[in-house]
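# Secondary and tertiary structure notes
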Amino acid sequence: MKITILGIGVAGGFGTGVKEMHDALLSGQGNHSTILLENCGEPLALPAFRADTSRLKDFVPQKALRRIDNFSKLGLLGAYLALEDAGLLADGCHDQLGVVIATGYGATGTTFAFIDSFINDGDICASPTHFANSVHNSAAANISMLLGATGPCSTISQFHHSVPSALQTASLWLTEGRADRVLFGAVEELSELIGYAWYRQRGYPVHAGMKPLMTGMESALIGEGAAFMLLSRRDEEREGYCQLEQVTTGKGLAPGFLDCADDLLLLGADGRQEIGAAYATVAEHPRIACFTGLYSSSSAGPAFDLAAAALMLKNDQTYPDPSGGTCDFQATVATGGEIIRTSRISSLSLSEDNGFGLVTLKRV
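Source: prediction; values computed, not measured.

### As for the side chain of T215
Along the polypeptide, T215 turns up in the loop between α7 (192–202) and β8 (222–223). Filtering out sequence-adjacent residues up to four positions away, T215 remains in contact with Q273, G276, A277, A280, D328 and F329.

### Some points on the pattern of salt bridges
If you walk through the whole model with that rule in mind, you get 18 salt bridges. A salt bridge links R50 to E224; its shortest N-O distance comes to 3.3 Å. Taken as a pair, R50 in the loop between β4 (42–49) and α2 (70–85) and E224 in the loop between β8 and β9 (225–232) lie far apart in primary sequence, 174 residues in all. Given a relative accessible area of 30%, R50 falls into the partly exposed group. Exposure remark for E224: the relative accessible area of 4% places this residue in the buried category. As a salt-bridge pair, R344 and E245 come within 2.8 Å of each other at their nearest N and O atoms. Of the two residues, R344 is situated in strand β14 (residues 344–350) and E245 in strand β10 (residues 242–251); the sequence distance between them amounts to 99 residues. E245 sits in the partly exposed class, given a relative accessible area of 31%. Linked through salt bridges whose partners overlap, the residues forming this network are R55, D58 and E84.

About the thresholds
Residues numbered from 1 in each chain as written. Predicted model: local features only at pLDDT ≥ 70, side-chain atom pairs only at ≥ 80, totals over all residues. Heavy atoms only, no water. Helix = DSSP H or I, 4+ residues; strand = E, 2+ residues; numbered from the N terminus. Contact = heavy atoms within 4.5 Å. Salt bridge = Lys/Arg side-chain N within 4 Å of Asp/Glu carboxyl O. Buried < 20%, exposed > 50% of the residue type's maximum accessible area, 1.4 Å probe, protein only.

Here you go:
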């Protein structure tokens, strides 16, 4: 079955919307700010990629957002931007539209706010609003209700494999005819708890920017954001960006498995030293690219990679490496402005447990 990516909606440290992501990819410049934490009673400003949800007011009335937490706001913004990009926002009819969200940690800010209210006020006075928003499927439910989507609705949480697993679910829904279109997206929020846990585990970053292709060093920066794609199995009036050809997940990706001629391989290497060696081992590939330096080390990263791959196929050109193209293993890093020589781009994500997710997109 032909599955087409009709629209893309993104929000992250690079900005909001496809145009701002395209501009950031063209320039190879990422903008990270900070998250303010408290460490042993002392203030700490940790470098981080933050997302701005202020554009959500263009799509949803302010009163409808009063009880919606930041995690759901990120998801809503990505979903509305994807529909707007596909030219279907004004349609208003979303019968047989499914919603599937990938997230590694869910709404951590709200979840721990609810636990705090439970501890401080007791079970009788614990916040019902925090409880409702802490449910893992709350963001997908809010999207479905506000859009009037009548298709299936689910959230997949598998840490750094959440994106390929959720994409398999979306593909299955479309193949089986459970939905005609699916809003597939990844959402990760940066709460104080996650920021503090990151700091305690990794310390203060040594490098100002990420160098993910220098796999023997630690350069990861934390972040948040949302990346959504509207997938369709219909014969649409719009051509769309590209087609979803294949999604493969598993364990034990052997060297040589990725030997796919001149296809461009988009690596999900994100500056974490513990996973860098695995990328260096399996990615002995003629041409690679890596853009995580624009949107942080996050379980939502593979969805941003897919958005970047779709833009490259649509525009028929590569983007420059944000880290300058320096690589400590045998591979050729694609430079900006190169012509995409083949009809396919594959995106690879690896995890510490020897797992992998490989997604292949092809031209329409």
